[in-house]
Amino acid sequence: MANILIYGGSFDPIHNGHIKVAKKIKKALSIDKVVFELAKAPRWKTPNVDSFHRLNMLKIALEPYKDFDIDLYEFDSKEEVNYSYNTILYFKKKYPNDKLFFLIGYDQLNKLHDWYKADELSKLVQVVAYNRKTNEELNIDNIKKYNIKIINGPYYNVSSTRIRDFKSIDVNPNVLRYILDNRLYFAKEIQEYLSIDRYNHSVEVALLAKLIAHANKLNDFNAFKIGLLHDIGKEVDLNQSLEIMNKHFKEYVNYPKFSYHQFVGSYLAHKDFGVNKKEELEAIEYHATGKKDMSPLGMVIYASDKIEPTRGFDSRKLIEGMITDYYQGFVEVLKANKIYLLEHGKDIYNQLTLDCMNQYLK
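Described in the following lines is the structure provided in the data block.

With parallel pairing, six strands are arranged side by side in an open sheet as β3-β2-β1-β4-β5-β6. Only two strands of the sheet have a single partner each, and these edge strands are β3 (68-71) and β6 (149-152). Neighbour-to-neighbour, the strand axes of this sheet turn through a mean angle of 30°, independent of strand direction. The sheet contact formed by strand β5 (residues 126-131) and β6 spans four bridges and is parallel. Opposite V128, over in β6, you have K149 as the bridge partner.

Here is the structure:
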């Protein structure tokens, strides 16, 4: 007889917290197999993306785990509502000789008494809830009535909501790439500011900045976020850009027009995406020109913008330099960019760029 854990949810998207909880319960209850059941049309919430994408992300996230499976009973169902009771009946038929465990969230534990045929469900399966050691108040009556088994474990500061709201990217790297490639959640909002080519460039900058930051023990989420946002002012028309410049960045209005987008991008990142930290805003604000006294994040974004791998030249050595030591790597990128700008007759004589090069290229 095998122990089988049924892990249902909307997985919108699946994140590393889901995986950690599954692994924790698997070990605690000697589970032989964890079966993820995707809620195609959950009653308690409306998913943000369709079940096709959620299933694809689930497959990607579970691929490394041989004891984690996906069942498509609810996904393939034609019913308007899939009750957990019916799903458990299905599993009882599928695994007649095995012991079934059914994982629910604490929010559902507290209202389990409102579920369809909750009494019958609790007699068919061992209901399990994961205690995240937070201050959530539990419905003790439900725990007793439905014989719910509580598994204690750490609190993981990640949720599907935080990922959708661009406050976390704590997902499998291939799931993150899927979100970006398919313009899901926060990526959809950002892409609306950019052409496809500019968006694709921003994705590469974000992923490279994340890699460099992680290798240098910097905040890789901040690097990714600012990398993805760095060019959102790039395609704002000149009249609107001038209006923003005159109102918020008057001291730079006489700078070359190519530089406007970095200031406009900083303004939009603050206004539309809630970026408030000075270091993050400045990393956008000076990513094209550079400036003196750049922050570590500013150096990472400046360099990533210049050397991301789709730029059309062999940047592998410069990328490796940034991964090894972001400061020395930045200096090498700045040297290479100075040569490029001079060879192509581009501006290096605005005061911001001069100050940057004079400080770091002594």
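The rest of the description comes next.
Summed over the entire model, instances satisfying the criterion amount to 24 aromatic pairs. Relative to Y116, the ring of Y83 lies with its centre 4.3 Å away and its plane at 35°, an arrangement referred to as tilted. With Y83 in the loop between α3 (73-76) and α4 (84-94) and Y116 in the loop between α5 (106-109) and α6 (118-124), this pair connects stretches of sequence that are 33 residues apart. The interplanar angle of 75° and the centroid separation of 5.5 Å between the aromatic rings of Y302 and F330 together place this pair among those described as edge-to-face. Placement of Y302 in helix α16 (residues 296-307) and of F330 in helix α18 (residues 326-343) is noted, with a sequence separation of 28 residues between them. Taken individually, Y302 and F330 each receive the classification buried, so the pair is uniform in this respect. What links up through ring pairs into an aromatic cluster is the set Y7, F11, F36, Y65 and F68. Taking the ring centre of F75 as reference, the NZ or CZ of K40 above it sits at 5.6 Å. Above the plane of the ring of Y302 lies K306, whose end atom (NZ or CZ) is 3.8 Å from the centre.

The next subject is unusual backbone geometry. A cis geometry characterises the amide bond from D12 onward to P13, with omega recorded as 0°. Looking at the element boundaries, P13 is found in the loop between β1 (3-9) and α1 (16-28). Positive phi values are uncommon outside glycine, yet F11 reaches one of about 45°. The exposure class of F11 is buried, given its relative accessible area of 2%.

Another aspect to go through is the layout of surface pockets. Where empty space is left becomes clear once a probe the size of a water molecule has been rolled over the atoms. Space inside the largest pocket adds up to approximately 1,100 Å³. What lines the largest pocket is a set of 46 residues, and nearest its centre among them are G8, H18, K45, G105 and D107. For the lining of the largest pocket, the secondary structure elements donating two or more residues are β1, α1, α4, β4 (99-104), α5 and α8 (160-164). Looking at the lining of the largest pocket residue by residue, the class counts come to 20 nonpolar, 16 polar and ten charged. As a volume, the second largest pocket reaches approximately 740 Å³. If you trace the second largest pocket, you find 25 residues lining it, with K306, R311, N337, Y340 and L341 closest to the centre. At the level of elements, α11 (196-215), α16 and α18 are the ones that each hand at least two residues to the lining of the second largest pocket. Looking at the lining of the second largest pocket element by element, the count peaks at six residues for α18. Residues belonging to the lining of the second largest pocket are distributed by class as follows: eleven nonpolar, six polar and eight charged.

Let us now look at the environment of P173. With respect to the helices and strands, the residue P173 is situated in helix α9 (residues 173-181). Relative accessible area serves as the criterion here: at 60%, P173 is assigned to the exposed category. In the structure, P173 is positioned 147 residues away from E320 in sequence and 20 Å away in space, judged by C-alpha atoms.

So, about α16. The end-to-end C-alpha separation of α16 is 17 Å, in line with the 16 Å expected for twelve residues at 1.5 Å each. Every buried residue of α16 is accounted for by L297, G298, M299, V300, I301, Y302, A303, S304, D305, K306 and I307. Among the structural elements, α11, α12 (220-229), α15 (278-285), α17 (316-324), α18 and α19 (351-360) are those in contact with the buried residues of α16.

The rules behind these values
- Residues numbered from 1 in each chain as written.
- Predicted model: local features only at pLDDT ≥ 70, side-chain atom pairs only at ≥ 80, totals over all residues.
- Heavy atoms only, no water.
- Pairing = 2+ DSSP bridges.
- Helix = DSSP H or I, 4+ residues; strand = E, 2+ residues; numbered from the N terminus.
- Axes fitted to C-alpha atoms, helices over the stretch in contact; angles between N-to-C directions.
- Phe/Tyr/Trp six-rings, centres within 6.5 Å; stacked < 30°, edge-to-face > 60°.
- Buried < 20%, exposed > 50% of the residue type's maximum accessible area, 1.4 Å probe, protein only.
- Lys NZ or Arg CZ within 6 Å of the ring centre and 35° of its normal.
- 1 Å grid on protein atoms, 1.4 Å probe; cavity = no way out; pocket = protein on both sides within 12 Å on 5 of 7 lines; lining within 4 Å.
- Points joined across faces, edges and corners; volume = space filled by probe spheres on them.
- Nonpolar A, V, L, I, M, F, W, Y, C, P; charged D, E, K, R; others polar.
- Expected span 1.5 Å × (residues − 1).
- Contact = heavy atoms within 4.5 Å.

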